[in-house]
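Observations on the model geometry
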Amino acid sequence: MDVIQMQRTWVEYTKSLYREGFLDSQFAQLQLLQDESNPDFVVEVVSLFFEDSERLLNDLTKVIDQQQGVDFKKVDAHVHQLKGSSSSIGAQRVKNACVAFRSFCDEQNIEGSLRCLHQVKQEYYLVKNKLENLFSLEQKIVAAGGSVPVDELGFL
């Protein structure tokens, strides 16, 4: 695939991530902060999100799986943190799943919380895979001598 085709593919793929609700305008804002002086800004920020999210999801699983009862204050604190970090990078579907999760924490509903934990994990791994694919395509474009056509998205 030549550079122009990869760039077109990147534009269409990125637009699909917004259209399907994986990303929101906050991700676009991150992209605008990236420039020649910091060409890996978005990848670095999102990588930190991945690390933080993996830790939070592991902690959430441990807290919910405790046999002596669930500490919903702890669960809510972890979900709140995950909601904030997903919101800060524009991972809209993860953020939305966290909002629903928090309402079940407020109700101290273990079954609802378990379902939401599964949903949050599913949305997280989906967006992680989608963003890894996006970043991989960006690396291929740059390696082939092209530039990532952020300005062609039209809504940034």
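Residues numbered from 1 in each chain as written. Predicted model: local features only at pLDDT ≥ 70, side-chain atom pairs only at ≥ 80, totals over all residues. Heavy atoms only, no water.

Brief notes about the overall build of the protein
Regarding its fold elements, the protein presents six helices and zero strands. Going from N to C terminus, the protein has its helices and strands arranged as α-α-α-α-α-α. Counting only C-alpha atoms, the protein reaches 60 × 25 × 25 Å along its principal axes. Here the protein holds 156 residues, and 38% of them are scored as buried. By element, 49% of the accessible surface of the protein is carried by carbon and sulfur atoms, the whole surface being about 8500 Å². Taking the average location of the 16 positive side-chain charges in the protein and that of its 23 negative ones, the two points are 5 Å from each other. (Helix = DSSP H or I, 4+ residues; strand = E, 2+ residues; numbered from the N terminus. Buried < 20%, exposed > 50% of the residue type's maximum accessible area, 1.4 Å probe, protein only. Areas by Shrake-Rupley, 256 points an atom, 1.4 Å probe, with all protein chains shown as cover. Lys, Arg positive; Asp, Glu negative; His and termini not counted. Charge placed at Lys NZ, Arg CZ, Asp CG, Glu CD.)

Some details on the side chain of serine 16
With respect to the helices and strands, serine 16 occurs in helix α1 (residues 3–19). Judged by its relative accessible area of 12%, serine 16 falls in the buried class. Reaching out from serine 16, the side chain makes a polar contact with the backbone oxygen of tyrosine 13 at a distance of 2.6 Å. (Polar contact = N/O pair within 3.5 Å; in protein donor to acceptor, adjacent residues only side chain to side chain.)

Regarding the state of the cysteines
The final tally for this structure, using the stated rule, is zero disulfides. The thiol of cysteine 105 is unpaired, and the distance to the nearest cysteine sulfur, on cysteine 116, comes to 8.0 Å. (Disulfide = S-S within 2.5 Å.)

Structural notes on the UniProt feature "modified residue: Phosphohistidine" (unreviewed entry) in the protein
As annotated by UniProt and renumbered to match this structure, "modified residue: Phosphohistidine" (unreviewed entry) occupies His80. Tracing the backbone shows histidine 80 in helix α4 (residues 72–89). (UniProt positions renumbered as here; feature names shortened; annotations may be inferred.)

Observations concerning unusual backbone geometry
Of note in the backbone geometry, glutamine 108 takes a positive phi value of approximately 55 degrees without being a glycine. Mapped onto the fold, glutamine 108 is located in the loop between α5 (92–106) and α6 (110–143). Owing to a relative accessible area of 55%, glutamine 108 belongs among the exposed residues under this scheme.

Thoughts on the environment of phenylalanine 27
By the secondary structure assignment, phenylalanine 27 is in helix α2 (residues 25–33). Taking C-alpha positions, phenylalanine 27 is 10.0 Å from serine 86, a pair spaced 59 residues apart along the chain. With near-sequence residues (within four places) excluded, phenylalanine 27 lies in contact with Tyr18, Val42, Val46, Ile89, Gly90, Leu131, Leu134 and Phe135. (Contact = heavy atoms within 4.5 Å.)

Things to note about the pattern of salt bridges
This model, assessed by the stated rule, comprises five salt bridges. The partner of glutamate 123 in a salt bridge is arginine 93, and the shortest N-O contact between them spans 2.9 Å. Separated by 30 residues along the polypeptide, glutamate 123 in helix α6 and arginine 93 in helix α5 bring together distant segments of the chain. The class of glutamate 123 is buried, set by a relative accessible area of 8%. Taken together, the salt bridges that share partners define one network made up of Asp52, Arg55 and Asp59. (Salt bridge = Lys/Arg side-chain N within 4 Å of Asp/Glu carboxyl O.)

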